[in-house]
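Take a look at the letters that make up each chain.
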Amino acid sequence: MNGGYIYLVGTLATWVGWIAVFRLIYLVIQMAFGHMEHLRQAHFKAIGQSAATAAVCLALAFSLPAKSGLEAVNTPSIPLVWPMIPFTGWLAIVSVLMVVARVIQSFGALNDSEKKARFGAAAVWVGVGIVSWYVFKRTGGEVVLFKGRLPISIQTVIALIAALIASMITMVVSARYAAARGLAKTVVTHIALVLGSFVFGVPFAWLVVTSFKEDRDMVAKEGIVWVPRVQVTVPYDDPQDPRFETDFMCRTVTVARLETLPNGLLRVEVDRPLGLQGTQFEADQKVLKRVPKDAPVVTAKFDGKQVKALVAENMNDGRQRLRIMEPANIKDQEFMVLPTDTEPLMVTGLRTKNYSEALEFLPPEANLGLTYLRNTLILVVMTLIGTLLSSALVAYGFSRLRFPGKSWLFMLLLSTMMLPGAVTMLPSFLIFRSLGWINTLYPLWVPAFFASAFNVFLLKQFFSNIPMELEDAAKIDGCSYLRTFWQVMLPQIKPALAVIAIWTFMGSWNNFMGPLIYISSPEHMPIAYAVQLFQNDRGGEPGLTMAFATMSMLPVLIVFFFAQKYFIEGVQLSGLGGR
Amino acid sequence: MPIGKLLFRSLLAVIMSLTIALAARTPVVVWGVTLGPESQGFQDLIREFERLHPEYEVRVLGMGAGQMNPQKLMTAIVGKVPPDVISQDRFTISDWASRNTFLPLDSLIERDRAKDPLTPTREQYYPRFWEEASYNGKVYGIPTGGDTRALFWNKDVFKAKANELRAAGLDPNRPPRTWSETLAYSKVLTEFNKDGSVKIAGFLPNYGNSWLYMYTFMTNAEFMSKDGRTCTMNTPEAREALQFMIDGYDLVGGYEQAMKFQSSFRGGENDPFMTGKVAMKIDGDWVIDQVARYAPSTNFACDPPPVPDDRFHHRGRYANEKDTYISWAGGFAYAIPAGARNVQGAWEFIKFAASFKGRIIEMQGQASISRRRGRMFCPRIAAQIEAATKGYRMFAPKDPKFAIALKTFFDLAPVSKIRPVTFVGQPLWDEHVRATELACLKKMTPDEALGKGQVVVQRYLDEEFNKEKYPEIDLRLPSLIGAVGFVIGSVLLWAGYKRKRLGRLAQSEARAGYLFIFPWVFGFVVFTLGPMLASLFFSFTQYSVLSPARWVGMKNYADLLSTDRQNILKSFANVLYLGGIGVPLGLITGLTIALLLNSAVKGMRFYRTLFYMPAIVPGVASVVLWMWILNADSNRGLVNYAWAHTVAEWFGTQVPGWLTVETWAKPSLIVMGLWGAGSGMILWLAGLKGVPAQLYEAASIDGASPWRQFWAVTLPQLSSIVFFNTVMGFIGALQQFEGVYVMTNGQSSGPADSLLMPVYYLFNNGFKYFKMGYASSLAWVIFIIILIITGIQFLLAPKWVHYEVEK
């Protein structure tokens, strides 16, 4: 462990030393070219400090090696160190630092009250430190020091130093001009933002790319495949193993012939779509339309020569029957080969089949996913209507009409916001059960017709901002309350309604727990739940899973792009709580 | 009159037959079986059944119902929309039966015994299989198949290491027969990569299908007492078995290491056993068919699973033991859930499907599809004796390698034990899995781990056997009281309203007002207040919906704090982790982006869209996506690919196991959450825009650095957002459900319970076991904790939250 601490000190010294060296260089450049911000004397003092720090640290770093594992290795590298400490340990360290900082700050305090506050804060941190140290010790916390090296080539080092010095000179020179200073700041900000959006965007990119990849490209043998490739196929009508198209269970299917039955019918097996694959039935020869199949193209060795061939048939013994395409002199010759001895021909392209296959994989009741879409749409539309109508009505009642017990009822409404869904989850199930609504969509949207506290609260704020005169005018014209609400007031709060509509849309589109509890058959299943089941059933096929996930989020993303403004307003409204 | 009666009857008969003919076929809904390209046999079975019974239409529900999800089945049964037939894992049948969720089949058997030769009777089946599907002397399921476990060993791997094996005094031409031999072989066969991860595993005690159960069968441990009232999970025999598993994992560098190794496994032709990455495993007879299908050239053999040394040599307490080898049998049975709509159709289907004829049709179908695809067919062991013996004779593969392997499994059937027939079968299973994991991870000693499981199972047992102590209550009474209370309350309110003596105009306005807010009032009473009171009431009862509720007083709450304390504490500790680390990290990320965006003049909208987009990705889809990105295999997972080429390389360490290991499971959740930090960012942005510019001007005149300005001006101005987001973040962490459910498929609570969350635990108690009372008490605890957290934060708020003074 001691060696570990020496390593830690050595590594820190190396890093601090080098940073001090660069600060020194920067200061020197500044003195040479730049506009002096400080007094000359202060500047010299800063240079001296940096030089001293650099000298001490680097000397320390270079004098330590031998016993601590810091000894020079053949390839140049920068030592790295990472203490593996449980969270409580980190908290203890942070507390110590905070206490020190607060105590130092208290000396520079302007007045007594600030001093007192600083000491108070220090005391709190002492408490946190003691508690976390205690927990750290009690849970058998131990510190593991990871020693590492960042390998780095001489060229990189030189390039890096050159770039650093160049940028320092630029910084120093541009610091003379105020406009340039602003520009430098903008550039740095944008670089940071681009890096950030890269990090946030990579999962999306990965999602989309994966949904277009072939299964064999999922495993990174030579790095992650970022440009999707597809297997080349050619249409091929094989006389030995032909494919036919016919109708079966109201769908057009491609079938393979198994045997001719004594009664003249053909016994066939479904090849496509995947959802029916393997199903066998008897068909009349007359209704079968012969179609070519998509034969994958591969390269293989034939008579010691490299040939391009198509896979005519997968044989029962695990081998493949290949039919040569190139070279021309032995074209159409056929031979047998083991799949491991072939190399598929891939070209850059998108495997859009992942999408169609993902849908084909769904059970027949799902009707290629349309059933899921229909259910989700019913859910979304009904929830939207219910939420908007009921929330607006109730909010109007609370904000504009006077009736005994109003403030009391409103307090009650606000307090329901605190109630977690978990409390009412089980009894609600029993209510819907007694109504016979299990395995229907009703439990998922009917409650929306009874106004949720948050939306009412939000809309009430909006109603309150509308001048009373409008309403009074309507009243004088003899409008009923309902008509005033509908024709005068409602149009005034359209933006707020839009925000609520967006949130409701998102909420019902993504609702997962509801269907999980209430829905058990595919006929009533909405998309969000189907995605989870798809992941469960088809977990081994990332291409299809990602394609299905992409399809499930596409509508939300489209709505987002068209109604971005309301999304953003929505977050602000919901978050600030009407501040 | 008789003529009129006759006429009426004949008319009725005509109408009936017409409706049957016209209204087409009554559906028989079957769950628990998946239909796919490989299930030809089952399809043939259905086709034949429908030919024989044209009045029925068999509907096998795929996706969602095809998988065995107890929560789904339970909800469907309780919700009165169950399937007609369920194919159910036998060891859980007594559990379901004890809760009155399955129909007893005795009366149906009695009825048809004489007239229908297909009727299943006890004599036709292997006794143990039949017993496993019965409970309290009644038959609840008709067993279909059986499976036994044997040791698979890859001869090529043994051959490759022949010299080393010989050097260690082991014979490379035969598999281990005792536990100590197994460990010795595994030690020689296991190989490690340079970074310490496993390259080839000799033997992983729990990989394949062995579980602690099988090892305890070998040491003669019993998990249940004879009378079925006491759980005896923690016995010296069981600890001995568990110790063997721990030793087995130690040889491959520990359980976590093994888990990480396993996370890179793939199915099909890349199966680790067939490719020689795992030298030995204990698995079921279905694996032979997989080998025949994907890698028939694998040089493997099956032998009886190794047993404790003393048992093998018939020494010590095994001196009088008849059987040297012991295996374990499980399997499925068809059952009819309570409340099935088409009991007659279901029974007809079960009779046919489980009979000799049905089993043979199914085997024939599977055999023909295998033959057509050029594969060998390996029949499974049928529970029906005639089908099993004749089936083996008719369909056993010709290839001696496979035939001998299959024979091993058939021969093990007589010495196979079954799991105890008890209604706590599922909890017993769950707890034994949990105990194995905790002990293998060395979080607990075998004694502690098994002891903990035993306490939990005992609680279930006591609950059932002590329930007579608690009075049954009629739920109509509290509902009546509630209704009366509601009426009285309304009358009082009405009286209060009348006393106000409003003017005519005011009265009409008030009336309109009440009408306007009626939707909320109604919703509040029906969907909030009612359920809330009901849940409070349930929390003092023991109620499983299907059987009458019993008043247990504070017992549920006492259980939360005593017998179930460890799980509850773990779940709240997990919340604390997510709240304590995840929430601040989310706040910092959001604020950092917002600060950057706030200073960038151009392209702000563009960046804002980009950063915000992940926040609107549907939750389930986002978890599914991240499960792939965080795949522990650095050749597949995006993050670990990057990690392996940077950090892991620099430090010479391994990549993190993310969802597969305990330490990284919660950080995975946090990382997923951080991706959605965009919505927080929008809030911060709005807040930043609201900070008055003159404050910054004043500060910079005073010579404050940007850093100081941030701490002294920006942050205090934003403190209300910090406050709001911390409260919401904590409450959100407390209610975390979706992510955990999707990540674990609702099957477990993550490695070593690292993803056990309160609401998830509540959901499982409520909808998997329908322990409404217990789940309700947990719900109230969560509610109270939320109240406390919010309360504390509101109390502390004035100390540090800066509010603009309203003008």
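If you're wondering where the values come from, they're calculated on a predicted model, not measured in any experiment.

Trainee: Explain the overall build of chain B here, please?
Mentor: When you go through chain B residue by residue, the secondary structure sums to 36 helices and 18 strands. Each principal axis of the C-alpha atoms in chain B carries an extent, and together these give about 100 × 95 × 50 Å. A buried classification covers 56% of the 807 residues belonging to chain B. Contacts spanning at least 24 positions in sequence make up 75% of the contacts within chain B whose residues lie at least 6 apart. Within the structure as shown, chain B displays about 34,000 Å² of accessible surface, and the carbon and sulfur contribution to it stands at 61%. Seen as two clouds, the 83 positive and the 68 negative side-chain charges of chain B have centres 6 Å apart.

Trainee: Help me understand the sheet that holds strand β9 (residues 289-291) of chain A, please; the structure alone is not making it clear to me.
Mentor: By way of backbone hydrogen bonds, the strands of a sheet pair with one another, either parallel or antiparallel. Residue and element names in this part refer to chain A. The strand order β8-β7-β6-β5-β9 describes an open sheet built from five strands, whose pairing is antiparallel. Of all the strands in the sheet, the pair left with one neighbour each is β8 (280-283) and β9. Averaged over all pairs of adjacent strands, the angle between their axes in this sheet comes to 50 degrees, without regard to strand direction. Bridge count between strand β6 (residues 251-260) and strand β7 (residues 266-272): six bridges; the pairing is antiparallel. Paired with Thr254 across the bridge in β7 is Arg272.

Trainee: How should the interface of chain B and chain A be read in this particular structure?
Mentor: One frequently used descriptor of interface size is the decrease in accessible area upon assembly of the parts. Counting from both sides, the interface comprises 122 residues of chain B and, opposite them, 130 residues of chain A. Summed over both partners, the interface of chain B with chain A buries about 11,100 Å², with 73% contributed by carbon and sulfur atoms. A salt bridge links Glu509 of chain B to Arg402 of chain A, with the nearest nitrogen and oxygen atoms 3.4 Å apart. In this assembly, chain B and chain A are joined by 14 residue pairs in polar contact (both at pLDDT 80 or more). By residue number, the principal contributor to the side of chain B that touches chain A is helix α22 (residues 504-538) of chain B, which donates 21 residues.

Trainee: Can you walk me through the packing of aromatic side chains in this structure?
Mentor: Within a pair of aromatic rings, the relevant descriptors are the distance that separates the centres and the angle that separates the planes. All names here are of chain B. This structure, assessed with the given rule, holds 89 aromatic pairs over all chains. Centroid distance Phe300 to Phe402: 5.5 Å. Interplanar angle 65 degrees. Geometry classified as edge-to-face. One end of the pair, Phe300, is in strand β12 (residues 300-303); the other, Phe402, is in helix α18 (residues 400-412), and 102 residues separate them in sequence. Across the pair, exposure class does not vary: Phe300 and Phe402 are buried alike.

Trainee: Explain the pattern of salt bridges here, please?
Mentor: Opposite charge on two side chains lets them pair, provided their charged atoms get close. All names here are of chain A. Scanning the model with the defined rule gives 56 salt bridges over all chains in all. The closest approach of N and O atoms between Arg118 and Glu114, which form a salt bridge, is 3.2 Å. Here the residue Arg118 and the residue Glu114 both occupy positions in helix α4 (residues 112-138), the gap between them amounting to four residues, near one helical turn. Looking at Arg118, the relative accessible area reads 19%, which means it is buried.

Trainee: How should the environment of Thr182 of chain B be read in this particular structure?
Mentor: All names here are of chain B. Here Thr182 shows up in helix α9 (residues 179-189). Overall, the relative accessible area of 0% leaves Thr182 in the buried class. Each C-alpha atom, one on Thr182 and one on Pro305, is 9.7 Å from the other, the two residues being 123 residues apart in sequence. Excluding residues within four positions of it along the chain, Thr182 makes contact with Pro176, Phe203, Phe244, Met280 and Pro306.

Trainee: Sorry if this is basic, but what is going on with the environment of Leu362 of chain A here?
Mentor: Residues and elements named next belong to chain A. Checked against the element boundaries, Leu362 lands in the loop between α7 (353-360) and α8 (370-400). The exposure class assigned to Leu362 is buried, which follows from its relative accessible area of 2%. Here the alpha-carbon distance between Leu362 and Leu276, two residues 86 residues apart in the chain, equals 9.7 Å.

Trainee: Explanation requested: the sheet that holds strand β2 (residues 56-60) of chain B in the structure shown.
Mentor: Residues and elements named next belong to chain B. Reading across from one edge, β2-β1-β3-β14-β6 is the order of the five strands in this open sheet, with mixed pairing throughout. Edge strands, defined here as strands with exactly one partner in the open sheet, are β2 and β6 (142-143). Pairing of β6 with strand β14 (residues 332-335) involves two bridges; the strand directions are antiparallel. Considered in β14, the bridge of Ile142 is made with Tyr334. Across the sheet, helix α2 (residues 40-52) touches β2 and β14, and the angle it forms with β2 is around 160 degrees.

Trainee: In this structure, what is going on with the side chain of Gln709 of chain B? I would like to understand it.
Mentor: With respect to the helices and strands, the residue Gln709 of chain B is situated in helix α32 (residues 706-717). Aside from chain neighbours lying at most four places away, what touches Gln709 of chain B is Tyr696, Ala699, Ser700, Ala704 and Thr714 of chain B.

Trainee: Please clarify how helix α2 (residues 40-63) of chain A should be interpreted in this entry.
Mentor: Counting along an α-helix, one turn takes 3.6 residues, and residues three or four places apart therefore face a common direction. Between its terminal C-alpha atoms α2 of chain A stretches 34 Å, which fits the 34 Å expected from 24 residues at 1.5 Å a residue. By the burial criterion, the buried members of α2 of chain A are His43, Ala46, Ile47, Ser50, Ala54, Cys57, Leu58 and Ala61 of chain A.

Trainee: Would you explain a nonpolar patch on the surface in this entry?
Mentor: A contiguous nonpolar surface patch, about 470 Å² in accessible area, is contributed by Ile784, Ile788, Ile792, Leu796 and Trp800 of chain B. Positionally, Trp800 of chain B belongs in helix α36 (residues 772-800).

Trainee: Sorry if this is basic, but what is going on with the packing of helix α9 (residues 406-415) of chain A against α22 of chain B here?
Mentor: The relative placement of two packed helices is expressed as an angle between their axes plus a distance between the axes. Here α9 of chain A crosses α22 of chain B at 55 degrees, and the two axes come no closer than 12 Å. In terms of their interaxial angle, α9 of chain A and α22 of chain B are classed as oblique. Of the two possible hands of crossing, α9 of chain A and α22 of chain B adopt the one that is left-handed. Facing Leu409, Leu412 and Leu413 of chain A of α9 of chain A, the residues of α22 of chain B in contact are Ile517, Trp520 and Phe524 of chain B. Residues that form the contact of α9 of chain A with α22 of chain B fall into these classes: six nonpolar, no polar and no charged.

Trainee: Please explain the side chain of Lys460 of chain A as it appears in this structure.
Mentor: The topology assignment puts Lys460 of chain A in helix α12 (residues 453-464). Each residue touching Lys460 of chain A, except ones within four places of it in the same chain, is listed here: Ala395, Phe398, Ser399 and Phe410 of chain A.

Trainee: What's the story with the nonpolar core in this structure? I'm lost.
Mentor: Looking at soluble globular proteins, one finds that nonpolar side chains tend to be buried together. Ranked by internal contacts, the top residues of the largest apolar core, which has 234 residues, are Phe429 of chain A together with Phe102, Leu204, Tyr215 and Met280 of chain B. Counting residues per element, this core draws most heavily on α36 of chain B, which supplies eleven residues. Dropping the residues within four chain positions of it, Tyr215 of chain B is found in contact with Trp179, Phe203, Pro205, Ser210, Ala241, Phe244, Met245 and Ile282 of chain B. Ranked by size, the runner-up nonpolar core spans 36 residues in total, among them Leu401, Ala451 and Phe463 of chain A together with Ala512 of chain B.

Trainee: Can you walk me through the confidence of the model for chain B in this structure?
Mentor: Low-confidence regions, as indicated by low pLDDT, have predicted coordinates that should not be scrutinised in detail. Residue and element names in this part refer to chain B. With 94% of its residues at a pLDDT of at least 70, chain B reaches an overall mean of 86. Ranking the helices and strands of chain B by mean pLDDT puts helix α11 (residues 236-251) first, with 94, and helix α1 (residues 2-22) last, with 58. Taken over the whole predicted complex, pTM reads 0.86, whereas the ipTM for its chain interfaces reads 0.87.

Trainee: Got a minute to help me understand unusual backbone geometry in this structure?
Mentor: For residues other than glycine, phi is negative in most cases, and the peptide bonds are mostly trans. Looking along the chain, the bond that leaves Glu326 of chain A and enters Pro327 of chain A is cis, with omega of 0 degrees. You can see Pro327 of chain A is positioned in the loop between β12 (320-326) and β13 (334-337). With phi around 45 degrees, Trp658 of chain B is a residue other than glycine that occupies positive phi space. One can find Trp658 of chain B in the loop between α28 (647-651) and α29 (662-675). Take Trp658 of chain B: its relative accessible area is 4%, and that puts it in the buried class.

Conventions used here
- Residues numbered from 1 in each chain as written.
- Chains lettered and ligands numbered in written order.
- Predicted model: local features only at pLDDT ≥ 70, side-chain atom pairs only at ≥ 80, totals over all residues.
- Heavy atoms only, no water.
- Helix = DSSP H or I, 4+ residues; strand = E, 2+ residues; numbered from the N terminus.
- Buried < 20%, exposed > 50% of the residue type's maximum accessible area, 1.4 Å probe, protein only.
- Contact = heavy atoms within 4.5 Å.
- Areas by Shrake-Rupley, 256 points an atom, 1.4 Å probe, with all protein chains shown as cover.
- Lys, Arg positive; Asp, Glu negative; His and termini not counted.
- Charge placed at Lys NZ, Arg CZ, Asp CG, Glu CD.
- Pairing = 2+ DSSP bridges.
- Axes fitted to C-alpha atoms, helices over the stretch in contact; angles between N-to-C directions.
- Buried area = accessible area lost by both parts, 1.4 Å probe.
- Salt bridge = Lys/Arg side-chain N within 4 Å of Asp/Glu carboxyl O.
- Polar contact = N/O pair within 3.5 Å; in protein donor to acceptor, adjacent residues only side chain to side chain.
- Phe/Tyr/Trp six-rings, centres within 6.5 Å; stacked < 30°, edge-to-face > 60°.
- Expected span 1.5 Å × (residues − 1).
- Patch = residues over 30% accessible without salt bridge, like charges linked within 9 Å, V, L, I, M, F, W, Y side chains within 5 Å.
- Parallel < 35°, antiparallel > 145°, perpendicular 65-115°, else oblique.
- Left-handed = near helix turned anticlockwise from the far one by under 90°.
- Nonpolar A, V, L, I, M, F, W, Y, C, P; charged D, E, K, R; others polar.
- Core = buried A, V, L, I, M, F, W, Y, C linked by side-chain atoms within 4.5 Å.
- pLDDT = per-residue confidence, 0-100.

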